[in-house]
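Examination of the molecular architecture
Chain by chain, the residues run as shown.
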Amino acid sequence: MSDPRYQVDVSVVTRFLPEQSQPDENRFAFAYTVTIQNNGELPAKLLTRHWVITDGDGHVQEVRGAGVVGQQPLIAPGASHSYTSGTVMATQVGSMQGSYQMVAEDGKRFDAIIAPFRLAVPGALH
């Protein structure tokens, strides 16, 4: 059972960006909006991100770095932080998953897990 003081939930909404894609060159652009909800009992700051991006051919790209879109938000209990970013893949369908390393106000570090989600060109999946 996880400690209720350190409960951060992540949800993601994706969309295909046809205006930034070039299908004839195997370039498919996607935006994703992430909402990070602090359902814990303590304020928590997002320190780093770790993404695993897998395209439809099984090629994996890992991305690690400080914060998200240049920010390291401090999220109060009951509050959330949302941001939009994007990725480009060589296939019409792929997936992303990962984690954020968080630090609570009391100094405890913990991971907020980002469950796998799909990126797909509309109509690519039947």
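In what follows, the structure referred to is the one given above.
Residues numbered from 1 in each chain as written. Predicted model: local features only at pLDDT ≥ 70, side-chain atom pairs only at ≥ 80, totals over all residues. Heavy atoms only, no water.

A few points about the nonpolar core
Selection criterion: By convention a nonpolar core is built from buried Ala, Val, Leu, Ile, Met, Phe, Trp, Tyr and Cys residues, the set being connected through side-chain atoms within 4.5 Å. Three exposure classes are used, based on accessible area relative to the maximum for each residue type with a 1.4 Å probe and protein chains only: buried under 20%, partly exposed in between, and exposed over 50%. Per the convention used, a helix needs a DSSP run of H or I reaching at least four residues, while a strand needs a run of E reaching at least two, with both numbered from the N terminus. Working rule for contacts: check all heavy atoms of both residues, and any pair within 4.5 Å makes them a contact.
Ranked by size, the top nonpolar core spans 28 residues in total, and within it V34, I36, W51, Y100 and M102 carry the most contacts. Looking at this core, the elements with two or more residues in it are β1 (8-16), β2 (28-38), β3 (44-55), β6 (80-89), β7 (93-104) and β8 (109-120). W51 has contacts with Y32, V34, Q61, E62, V63, Y83, M96, Q97, G98, Y100, I114 and F117, leaving out every residue within four places of it along the chain.

A look at the layout of surface pockets
Cut-off, in case you're wondering: Buriedness for pockets is judged along seven lines, at least five of which must meet protein on both sides within 12 Å for an open set on the 1 Å grid over protein atoms alone, while cavities are sets there where a 1.4 Å probe fits but cannot get out, and lining residues have an atom within 4 Å of a point. Grid points are joined across faces, edges and corners, and a volume is the space filled by probe spheres set on the points. Classification used: nonpolar for Ala, Val, Leu, Ile, Met, Phe, Trp, Tyr, Cys and Pro, charged for Asp, Glu, Lys and Arg, polar for all others including Gly.
Taken as a whole, the largest pocket holds about 160 Å³ of empty space. Contributing to the lining of the largest pocket are Y32, R49, W51, I53, V63, V68, V69, Y83, S85, G86 and T87. Among the secondary structure elements, those contributing two or more residues to the lining of the largest pocket are β3 and β6. At four residues, the largest contribution of residues to the lining of the largest pocket is made by β6. Residue composition of the lining of the largest pocket, grouped by class: seven nonpolar, three polar and one charged.

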